[in-house]
Amino acid sequence: MNRRPSEAELAAARELTVPDVIRSGLDVLFCGINPGLYSAATGRHFARPGNRFWPALHRSGFTPRQLRPDEQDELLDHGLGITNVVTRASARADELSAEELRDGARRLARVATEYRPRVVAVLGVTAYRAGFGRAAAVVGEQRDRIGTARAWVLPNPSGLNAHYQLPALADEFLRLRMALQQEGPTPEG
């Protein structure tokens, strides 16, 4: 769907899921909090106009050009993927319960163990704190692992997150990319 979803389509998207963009051995598995209604209605991650995920990804150098949500599968060519902590869609992340976030964190650990990305980057410090029981977590690399992967927290790219404007958001994505470059390629690749 390349057109804007109707109000009826948005309402029908509540509780839907968006399939993961994933394969084994990724450099980074980006992990949203949960799909918004717009993303669920279109079947694409970070699909709402104004979401800054795609611009931040490009400005930080993860992709050679700014991809559109309908090009999300091209992320795999760059060693990147997308999943969510909680798989069900909602209008706002604050509609999720603490239990859903904790269950989602356990699911994410299983996904990371199965697919073995180098890093799982959770996009939202508040969701990370609640889901993983780390009340003092801050943006950046975490001491804990998620499954077998290094854990990293990035700011939520939603346009509702006023704490980070696009340049600062892209800088945080760049910190992650630079850390991966300093580490070098995985033994497999």
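To keep things clear, this report deals only with the structure shown in the data block. The structure displayed is predicted, hence computed values, not measured ones.

### Quick look at the overall build of the chain
Each helix and strand counted, the chain has 6 helices and 5 strands in total. N-terminal to C-terminal, the α/β element order of the chain is α-β-α-α-β-α-β-α-β-β-α. When its C-alpha atoms are laid out on the principal axes, the chain stretches across 50 × 35 × 30 Å. Put simply, the chain has 189 residues, and 50% of those count as buried. Within the chain, contacts between residues separated by at least 24 positions form 71% of all contacts whose residues are at least 6 apart in sequence. Carbon together with sulfur atoms contributes 49% to the accessible area of the chain, which is approximately 9,300 Å² in total. Treating the 25 positive side-chain charges of the chain as one cloud and the 22 negative ones as another, the clouds have centres 3 Å apart.

### Concerning the nonpolar core
Residues Val 28, Phe 30, Phe 53, Leu 57, Phe 62, Phe 173 and Leu 176 are the most contacted members of the largest nonpolar core, which totals 25 residues. Ranked by residues supplied to this core, first place goes to helix α6 (residues 166-183) with 7 residues. Not counting residues within four places of it along the chain, the set of residues in contact with Phe 30 comprises Phe 53, Leu 57, Phe 62, Leu 80, Gly 81, Ile 82, Thr 83, Ala 121, Leu 123, Leu 154, Phe 173 and Leu 176. In this structure, Val 85, Ala 112, Ile 146 and Ala 151 belong to the second largest nonpolar core, which totals 23 residues.

### Side note on helix α5 (residues 125-132)
Taken as a whole, α5 has its buried residues at Val 125, Ala 127, Tyr 128 and Gly 131. All buried residues of α5 project into a common sector of 160° when viewed along the axis, lining one side. In this structure, the buried residues of α5 make contact with α4 (98-115), β3 (119-123), β4 (140-146) and β5 (149-154). The positive-phi residue at the C-terminal boundary of α5 is Gly 133, with phi of around 65°.

### So, the packing of α4 against α5
Where α4 meets α5, the axes come as close as 7 Å, and the angle between the chain directions of the two elements is 85°. By the angle between their axes, α4 is roughly perpendicular relative to α5. In this structure, α4 uses Leu 101, Arg 102, Ala 105 and Leu 108 to contact α5, whose residues at the interface are Ala 127, Ala 130, Gly 131 and Phe 132.

### Notes on the side chain of Arg 150
Positionally, Arg 150 belongs in strand β5. In this structure Arg 150 touches Arg 118, Val 119, Val 120, Glu 141, Arg 145, Ala 179, Leu 180 and Glu 183, once residues within four positions along its chain are discounted.

### Points about the sheet that holds strand β2 (residues 80-84)
The 5 strands lie next to each other as β2-β1-β3-β5-β4, forming an open sheet whose pairing is mixed. Looking at strand neighbours, the two that pair on one side only are β2 and β4, the edges of this open sheet. Across the sheet, the mean angle from the axis of one strand to that of its neighbour is 30°, orientation sign disregarded. Bridge analysis of β4 against β5 gives 4 bridges, and the strand direction is antiparallel. Following the sheet pairing, Gly 140 is matched in β5 by Val 153. Contacts between α6 and the sheet are confined to β1 (28-32), β3, β4 and β5, with β5 contributing the most and set at about 155° to the helix.

Rules used in this analysis
- Residues numbered from 1 in each chain as written.
- Predicted model: local features only at pLDDT ≥ 70, side-chain atom pairs only at ≥ 80, totals over all residues.
- Heavy atoms only, no water.
- Helix = DSSP H or I, 4+ residues; strand = E, 2+ residues; numbered from the N terminus.
- Buried < 20%, exposed > 50% of the residue type's maximum accessible area, 1.4 Å probe, protein only.
- Contact = heavy atoms within 4.5 Å.
- Areas by Shrake-Rupley, 256 points an atom, 1.4 Å probe, with all protein chains shown as cover.
- Lys, Arg positive; Asp, Glu negative; His and termini not counted.
- Charge placed at Lys NZ, Arg CZ, Asp CG, Glu CD.
- Core = buried A, V, L, I, M, F, W, Y, C linked by side-chain atoms within 4.5 Å.
- Arc of directions from axis to C-beta.
- Axes fitted to C-alpha atoms, helices over the stretch in contact; angles between N-to-C directions.
- Parallel < 35°, antiparallel > 145°, perpendicular 65-115°, else oblique.
- Pairing = 2+ DSSP bridges.

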